[in-house]
Structures are given as structure tokens and as C-alpha cells.
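# Notes for the structure review
Here's the letter readout for the chains.
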Amino acid sequence: KTVAANGTPTSRKGAGGSQTALLFWLPCLKSFDSASLNMVKGRTAATKPNKPAAAVENKSSGAHSSSSTYNIKSAKTSKGKVSAPEGTPPTVPLYFKDTYLGMASAKVLGVVNTNDAKEGAMESMVITDTTIFHPQGGGQPSDVGIIKCGDGDDPAIFTVHKVYKDLTGVILHVGSFKKGGKKFNVGDVVKQEINMETRKFHARLHSAGHLLDVAMNQVGITLKPSKGYHFPKGAYVEYIGKLDLKDRAKIINELQQAIDKLVESKIQTVVSYDGSTPPIRHVKVGSDILGCPCGGTHVADSEEIGAMQITKIKSNKGNTRVSYTITPAIKCS
């Protein structure tokens with residue numbers, strides 16, 4: 001089985017008969033939705049409005065001051081998740097098209113002030129019509145970087161610390177403006193720039209999780225993935241079912257050999273969209289057969305994952321967790 005963008009499992013059959021797809025969708029589908037998929041394919045998608053966010057008159061002045069601000073408490077859904085003001089259109093996710101796109105222009109749709117002591121470092125949220133920033137989701141950390149407006153001596157600079165996506169497909173860049181500096185106006189054309197070193201590392205980590213699925217299949221372990229965690233510290237994939245770990249060292253060795261061979265084979269990553277409604281984005285890493293729905297960023301081929309090491313395998317409460325690392329590691333912010 002695979003799953004539609006709305007999360008509903010559907011049967012899948014290929015030319016060679018019935019095939020079980022890798023069920024990586026549980027962690028991966030959280031990072032994309034049907035609205036984003038439609039927009040990245042050039043379609044217009046209808047969205048369900050958010051709950052209204054109470055507008056607050058902006059009394060600041062200056063060329064780059066925000067034209068409207070919102071109270072963070074009224075810019076949340078009923079479940080406490082941060083959401084965009086009502087009527088904000090879904091963001092076009094440029095990272096779907098190109099993992100290696102590090103700079104791009106966008107138009108500011110809104111600046112949401114989050115001056116709430118309970119929100120800690122969350123000072124502002126910037127919303128743009130398009131973005132190269134991947135939001136946290138699907139077990140993958142968000143991108144970091146800057147958004148800048150103006151090329152003179154005193155541009156408005158917004159440092160992006162976290163990126164989220166709300167339930168309607170609006171991507172929210174969370175961070176802070178330069179202290180005492182200018183801010184953005186709605187309608188400003190800004191330049192987005194991600195930390196490419198961090199982006200590539202996250203893509204390698206996420207792709208490594210997919211590669212682990214392929215290696216598990218190759219060594220004859222048919223447990224289905226249920227959860228993926230692709231953060232720099234403690235990356236793992238969790239599978240449904242328990243393994244007999246009496247010969248744990250042998251299993252790790254077989255997996256490691258399969259992974260090493262897959263990395264050396266330089267197998268091209270394939271990203272495609274099927275013809276379903278809504279369309280599903282499928283990613284194949286290290287295999288031209290096994291793939292899964294996914295909204296993450298990925299490497300161009302398996303060789304780019306680099307040195308990947310299985311660190312441990314453990315079974316608990318009916319599940320098996322396989323942990324891994326990749327090197328060289330980087331210090332992520």
C-alpha cells in the first residue's frame with residue numbers, strides 16, 4: 001500500500017503485479033500537502049481558511065516597516081499550532097524542484113509579530129509567495145538562512161532560525177530582524193538565501209534514511225518503516241515488528257555491506273508525481289523500483305550520501321529501530 005496526499009492508504013500495483021511500496025510516508029508526508037503539490041505543478045489549489053488573526057495597527061515608521069502585524073496568540077489554530085492570517089494563499093515550495101537552489105527572490109505577503117514572552121526566541125514570522133526554505137517536517141529539520149531586502153549600505157535583514165508549514169500550506173519563516181534595523185513591507189521583493197552547507201547535510205541525512213530502507217529489503221528484512229528521524233543527532237528509522245537480534249553483529253554487518261555498495265553505485269535519485277488527485281510526490285533513493293511518497297529534500301544520487309554507518313539496532317515494544325550516522329558531519333545551527 002501507499003498513501004494519498006490526504007493521508008488515506010491506497011492500493012498500488014505495478015506492471016509486474018502487486019507490489020508493496022516502502023511505507024516511509026508516515027514521517028515524510030508531514031512535510032507536504034496537496035495545496036503545495038498542486039502549486040509547484042502550476043495548478044491553483046483551494047485552501048480552507050485559517051481562524052482569523054486579530055490585526056494590530058502598526059505604529060512604526062520607516063521604509064521597511066511592516067504594514068500589518070498580528071498577535072501570536074490569535075495566529076494559532078485550535079491545537080496550538082502556529083498558522084498564517086486568514087486568507088493567506090499557500091506558499092509555492094521551490095525546494096521541491098531543486099535541492100541545490102540556494103538563492104531566490106520572493107514577494108513578502110505578511111510579517112507576523114510574535115512579541116509574546118511565552119514564544120521565547122520567536123520574534124517574527126515572515127510569509128512570502130514562494131520559498132526555497134524547507135520547513136521542519138517529515139523527520140527533517142528546517143532550513144536556516146537569511147532574507148534580505150535592499151542592496152545598499154543598510155538593507156533590511158531577517159535571520160531565519162526555524163521554518164514551519166501550517167495546515168493550509170502556508171510556510172512561515174520564523175526568526176528576527178537585525179536589532180534596530182529596517183523591516184519588510186508587504187509587497188517588498190526580497191532575496192532568500194539558505195545555509196547551503198546545512199541544506200546539503202539535511203538532504204544527505206534524509207536520503208540516507210531512504211537508502212536504509214533499500215538495504216533492509218536487499219538483505220531480506222521486510223519490516224515496514226513507520227517513523228523516521230533525520231536530525232544530525234540520533235538519526236534513525238523505526239520499523240514495525242521485532243527482529244531476532246541474537247546475531248546483531250551479523251545483521252549490522254550485512255546492512256553495512258549493502259549500504260556501502262548502494263553508495264558506491266551512484267544510483268540517481270528519481271522524483272516524480274503520479275496522476276492521482278491530488279498528485280503524490282514520489283521519491284526513489286538508491287533504487288529504480290522501491291520508493292515512497294515524500295516531501296523532503298534529497299541528494300542527486302546515492303554517492304552524495306557519502307560515508308554512512310549503521311551504529312546500532314534495538315527492538316522495543318514491537319518495533320525495531322535502526323540508528324545511523326553520516327560523515328563528514330557539520331555543526332548545524
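In this text, all values refer to a predicted model and were calculated from it rather than measured experimentally.

## With respect to the overall build of the protein chain
Scanning the protein chain from terminus to terminus reveals four helices and 21 strands. Every one of the 333 residues in the protein chain was classed for burial, and the buried ones make up 52%.

## Some remarks on the pattern of salt bridges
All chains considered together, the criterion is met by three salt bridges. Note that R321 and E238 form a salt bridge whose closest N and O atoms lie 2.9 Å from each other. Pair noted here: R321 is in strand β21 (residues 319-327) and E238 is in strand β16 (residues 236-240), with a separation of 83 residues, a long-range link.

## Overview of the sheet that holds strand β17 (residues 270-273)
Whenever strands of a sheet pair, they do so through backbone hydrogen bonds, lying parallel or antiparallel. As summarised here, the arrangement of the three strands in space is β17-β18-β19, forming an open sheet in which the pairing is antiparallel. Edge positions in the open sheet fall to β17 and β19 (292-293), since each of these has one partner strand only. Bridging between β17 and strand β18 (residues 281-284) involves four bridges; their strand directions are antiparallel. Directly across from V271, in β18, lies its bridge partner V283.

## As for the pairing of strand β9 (residues 124-128)
In terms of residue burial, β9 counts as a mostly covered element, since five of its five residues are buried. Pairing analysis gives five bridges linking strand β8 (residues 103-113) to β9, with the strands arranged antiparallel. Following the sheet pairing, V108 is matched in β9 by T128. Of the pairings in the sheet, the one linking β9 to strand β13 (residues 171-177) comprises three bridges and is antiparallel in character.

## Thoughts on the packing of aromatic side chains
Tallied over the entire structure, the rule returns six aromatic pairs. With a centroid separation of 6.5 Å and an interplanar angle of 55 degrees, the aromatic rings of F158 and F184 are classed as tilted. Here F158 is found in strand β12 (residues 156-165), whereas its partner F184 is found in the loop between β13 and β14 (189-194), with 26 residues between them in sequence. For the pair shown, F158 and F184 are each scored as buried. Considering the side-chain rings of Y229 and Y236, the 5.5 Å spacing of their centres and the 20 degrees angle between planes classify their relative orientation as stacked. What makes Y229 partly exposed here is its relative accessible area of 29%. In this structure Y236 comes out as buried when scored by relative accessible area, which is 8%. Here the basic side chain of R321 rests over the ring of Y236, its NZ or CZ set 3.7 Å away from the ring centre.

## Some thoughts on the confidence of the model for the protein chain
Mean pLDDT over the protein chain: 78, with 71% of residues reaching 70 or higher. When the criterion is pLDDT under 50, residues 29-74 qualifies, and its contacts beyond four places in sequence or with other chains add up to 116 contacts. Segment residues 116-122 is flagged for pLDDT under 50; beyond a separation of four residues in sequence, or across chains, it makes eight contacts in the model.

## Things to note about the nonpolar core
L212, M308, I310 and Y324 are the most contacted members of the largest nonpolar core, which totals 33 residues. For this core, the secondary-structure elements that each account for two or more residues are α3 (196-218), β16, α4 (248-264), β20 (307-316) and β21. Membership of the second largest hydrophobic core comes to 23 residues, among which are Y95, V111, V126 and V190.

## A few points about the sheet that holds β9
Spatial ordering of the closed barrel is given by β8-β9-β13-β12-β11-β14, a layout of six strands whose pairing is antiparallel. Averaged over all pairs of adjacent strands, the angle between strand axes in this sheet comes to 45 degrees, irrespective of strand direction. Pairing analysis gives five bridges linking strand β11 (residues 145-149) to β12, with the strands arranged antiparallel. Considered in β12, the bridge of G145 is made with V160.

## A closer look at the environment of A249
Within the secondary structure layout, A249 lies in helix α4. Judged by its relative accessible area of 59%, A249 falls in the exposed class. Taking the C-alpha atoms as reference, A249 lies 9.3 Å from I313; in sequence the two are 64 residues apart.

## Considering the environment of C292
With respect to the element layout, C292 can be found in strand β19. Residue C292 is classed as buried on the basis of its relative accessible area, which comes to 2%. Remark: the alpha-carbon pair of C292 and H210, spanning 82 residues in sequence, is separated by 8.7 Å.

## Topic: the packing of α3 against α4
Remark: α3 packs on α4, axes separated minimally by 9 Å, with the N-to-C direction vectors making an angle of 120 degrees. In terms of axis orientation, α3 runs oblique to α4. Seen from above, α3 lies across α4 with right-handed handedness. Between α3 and α4, the contacting residues are L211, L212, V214, A215, M216 and Q218 on the first element and L255, A258, I259, L262 and V263 on the second. Considering only residue class, the contact of α3 with α4 consists of ten nonpolar, one polar and no charged.

Thresholds applied
Residues numbered from 1 in each chain as written. Predicted model: local features only at pLDDT ≥ 70, side-chain atom pairs only at ≥ 80, totals over all residues. Heavy atoms only, no water. Helix = DSSP H or I, 4+ residues; strand = E, 2+ residues; numbered from the N terminus. Buried < 20%, exposed > 50% of the residue type's maximum accessible area, 1.4 Å probe, protein only. Salt bridge = Lys/Arg side-chain N within 4 Å of Asp/Glu carboxyl O. Pairing = 2+ DSSP bridges. Phe/Tyr/Trp six-rings, centres within 6.5 Å; stacked < 30°, edge-to-face > 60°. Lys NZ or Arg CZ within 6 Å of the ring centre and 35° of its normal. pLDDT = per-residue confidence, 0-100. Contact = heavy atoms within 4.5 Å. Core = buried A, V, L, I, M, F, W, Y, C linked by side-chain atoms within 4.5 Å. Axes fitted to C-alpha atoms, helices over the stretch in contact; angles between N-to-C directions. Parallel < 35°, antiparallel > 145°, perpendicular 65-115°, else oblique. Left-handed = near helix turned anticlockwise from the far one by under 90°. Nonpolar A, V, L, I, M, F, W, Y, C, P; charged D, E, K, R; others polar.

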